[in-house]
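# Geometric and topological summary
In case you want the letters, here they are:
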Amino acid sequence: MMEFLHRPVVVMAEVNLNTVVLTLMGLLSRLWRLTYPRAVVFDEVYYGQYISFYMKRVFFLDGSGPPFGHMLLALGGYLGGFDGNFLWNRIGAEYSSNVPVWSLRLLPALAGALSVPLAYQIVWELRVSHCAAMGAALLMLIENALITQSRLMLLESVLIFFDLLAVLSYLKFCTSQEHRPFSLSWWLWLALTGVACACAVGIKYMGVCTYLLVLAVAAVHAWQLLGNQTLSNVCVLCHLLARVVALVVIPAVMYLLFFYVHLLLLYRSGPHDQIMSSAFQASLEGGLARITQGQPLEVAYGSQVTLKNAFGKPVPCWLHSHQSTYPMIYENGRGSSHQQQVTCYPFKDVNNWWIIKDPGRHQLEVSSPPRPVRQGDVVQLVHGMTTRLLNTHDVAAPLSPHSQEVSCYIDYNISMPAQSLWRLDIVNRESQADTWKTILSEVRFVHVNTSAILKLSGAHLPDWGFRQLEVVGEKLSRGYHESTVWTVEEHRYGHSQEQKDRELELHSPTQMDISRNLSFMARFWELQWRMLTVSSDDSEHKYSSTPLDWVTLDTNIAYWLHPRTSAQIHLLGNIVIWASAGLATVLYTLLFLWYLLRRRRKFQDLPEDCWRRWVLAGALCAGGWAVNYVPFFLMDKTLFLYHYLPALTFQILLLPVVLQHVSDHLCRSQPQRALFSALVVAWYSSACHVFNVLRPLTYGDKSLSPSQLEALRWKDSWDILIRKH
């Protein structure tokens, strides 16, 4: 019982020296002179801005993906003591002394370095030879594009790391499933699969592709498990529940956690606030919160309000009017009502204020006690500065002739009576008795006479409308759309009946001590929706490319050029590896189809165990390439060569698997195998040679002469920068 007191405690562990050596080689290739160049390189100009926002706790919105990747980069800045003070406005700008370049680039470099031993472990877990596993790792080690991308403050290497970790964890789980189900290692690898998938999705939305691939393979294995008659129903149910918890619940919880931490860190108002709803803006410190904090919660008759359109496109704007009227005759010859213009104005202005009036009373101030406006109530909207009523009628809108013109009514003593009654429809109401709430309520205004709905058309009016946005009455409403939804952003209780006193009120801020906060889930859903729908810059870029250009490496990206010498960094792949990986994918597909047809005819070219390994390798490697490549054909956005790197990684894993298969099953004799092995060695030597030749463009640490640079332009489509002195 007490023997451990008399003998030393000994822990024995197996250490795979190949993994250790590959890890050290990966670290050397990615960390060597990591701070060079000490200048902003390509997309570091964008990611650096987000890191500065994190350091200053300022809210931002990036539609390229969830926040986990940005937080990892910011963690590097935090550990390096970065204060966020650097102007990220130009590629090539020299970093100031307060920017910890090494720590900012460290995490992507570590992810790239660790991807090398991960590739070794994955191919080894696929039960291919040790030589093939080493081949996969060494290909990852000398692939120029992967090295370049992992040495900079970018996210592709981190995404690739978690993609590979998810695949490796699942393969380790499958091994545990065969030998020790429900053991500690079984649970560990299953849970790590879900964690890695969540992290991949949290880096970039393309991580969803690898996640779905792992889910699909897991679903096939679960289906096979259902047919295992040696397992009891309870045991099968436990297996299925464990997979659901690990592969669905854990990723979902972690995804929410990423956003929770993101919103917890970014609590200050920032430059992207206006994209968000008024309620979201009011939850941030500073900005709109300074104006809206403590406003009256319930809108009452006599309330003075500004109404912001919920759509936010083409720009956020507020319901607005001014003294100018619509022209009598438009340029196309159509006539107008010549009433006062009503527009949507993208700036704060005193002419954005409106007064909520009870049609049955003349008073324009809030009574005591206030009478709240409720769902379904009929109201009039009085423009604060001109005291004219919001009106619409059967006159075509200036730019949207199928919709009604919206105006502020001017009595010209002609047969055009005012039609200024609007029924309030609270879109997000919880009951029919809901009151209209500041910021929180999303409302529509339905015209009583014509049933038209007040809507932002989004069209810019001509010069006579001061280029402001058109507001119309939409008669043919096609269901809910954000362009018909309005929220009260600024709100005060009016206390003056006289117009001059009211104008003074409209010009002065209100301060009342009532506060409100959005729940985390409300902010999460809004932020998620904005990220998915925010319009990205789809303008053509000098180095943009198409998915067809990637496979044949017909494109490159000039990342950085030394300001005085010809030293430069390019995202340019090892052409031997890229071409071979593409050929291996084609060869695998042809062999798979051939074996499948032969098996249908009852010819067993491969033993059953070997066939299952061949299919699994294809599902994970060829499937990983397909799911990370094909979706780009469906995307309507600017694409770059680095988008292909995750797909390329899976192709590199497949390449040694195919080579090993050819050696074992297609080379019939020993001389054939020896010849094939010699060809593989020659091929790998050529890949190493290409890596060495392109090394100056990978690391950018050597200045080449114009003739040397011209010699590196192996394809006419490659843009190698040559200075003209």
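Residues numbered from 1 in each chain as written. Predicted model: local features only at pLDDT ≥ 70, side-chain atom pairs only at ≥ 80, totals over all residues. Heavy atoms only, no water.

## Examining the packing of helix 1 (residues 17-31) against helix 5 (residues 130-142)
Across the interface, helix 1 lies against helix 5 with an axial gap of 10 Å and an inter-helix angle of 10 degrees. Taken together, the axes of helix 1 and helix 5 are roughly parallel relative to one another. Within the contact between the two elements, helix 1 uses Asn 18, Leu 22, Met 25, Gly 26, Ser 29 and Arg 30 and helix 5 uses His 130, Met 134, Ala 137, Leu 138, Met 140 and Leu 141. (Axes fitted to C-alpha atoms, helices over the stretch in contact; angles between N-to-C directions. Helix = DSSP H or I, 4+ residues; strand = E, 2+ residues; numbered from the N terminus. Parallel < 35°, antiparallel > 145°, perpendicular 65-115°, else oblique. Contact = heavy atoms within 4.5 Å.)

## A few points about the environment of Leu 675
Mapped onto the elements of the fold, Leu 675 is located in helix 19 (residues 670-699). On a C-alpha basis, the gap between Leu 675 and Ser 663 in space is 9.8 Å, while along the polypeptide they are 12 residues apart.

## Regarding a nonpolar patch on the surface
Side chains of Val 244, Val 245, Val 248, Val 249 and Val 253 sit close together on the surface and give an oily, nonpolar patch of about 380 Å² of accessible area. By secondary structure assignment, the location of Val 248 is in helix 10 (residues 233-265). Residue class for Val 248 comes out partly exposed when judged on its relative accessible area of 42%. (Patch = residues over 30% accessible without salt bridge, like charges linked within 9 Å, V, L, I, M, F, W, Y side chains within 5 Å. Areas by Shrake-Rupley, 256 points an atom, 1.4 Å probe, with all protein chains shown as cover. Salt bridge = Lys/Arg side-chain N within 4 Å of Asp/Glu carboxyl O. Buried < 20%, exposed > 50% of the residue type's maximum accessible area, 1.4 Å probe, protein only.)

## A word on the state of the cysteines
All chains considered together, the criterion is met by 1 disulfide. Sulfur-sulfur distance for the disulfide between Cys 317 and Cys 344 comes to 2.2 Å. Disulfide Cys 317 to Cys 344: torsion about the S-S bond roughly 90 degrees, handedness right-handed. Separated by 27 residues along the polypeptide, Cys 317 in the loop between strand 1 (303-309) and strand 2 (318-325) and Cys 344 in strand 3 (residues 340-345) bring together distant segments of the chain. (Disulfide = S-S within 2.5 Å.)

## Concerning the pairing of strand 5 (residues 378-383)
Where a strand is regular, its side chains alternate between the two sheet faces. Most of strand 5 is tucked away: 5 of the 6 residues are buried. As paired strands, strand 4 (residues 353-357) and strand 5 are joined by 4 bridges and run antiparallel to one another. The partner of Ile 355 across the bridge, within strand 5, is Val 382. With 2 bridges joining them, strand 5 and strand 8 (residues 422-426) adopt antiparallel strand pairing. The partner of Val 378 across the bridge, within strand 8, is Arg 423. (Pairing = 2+ DSSP bridges.)

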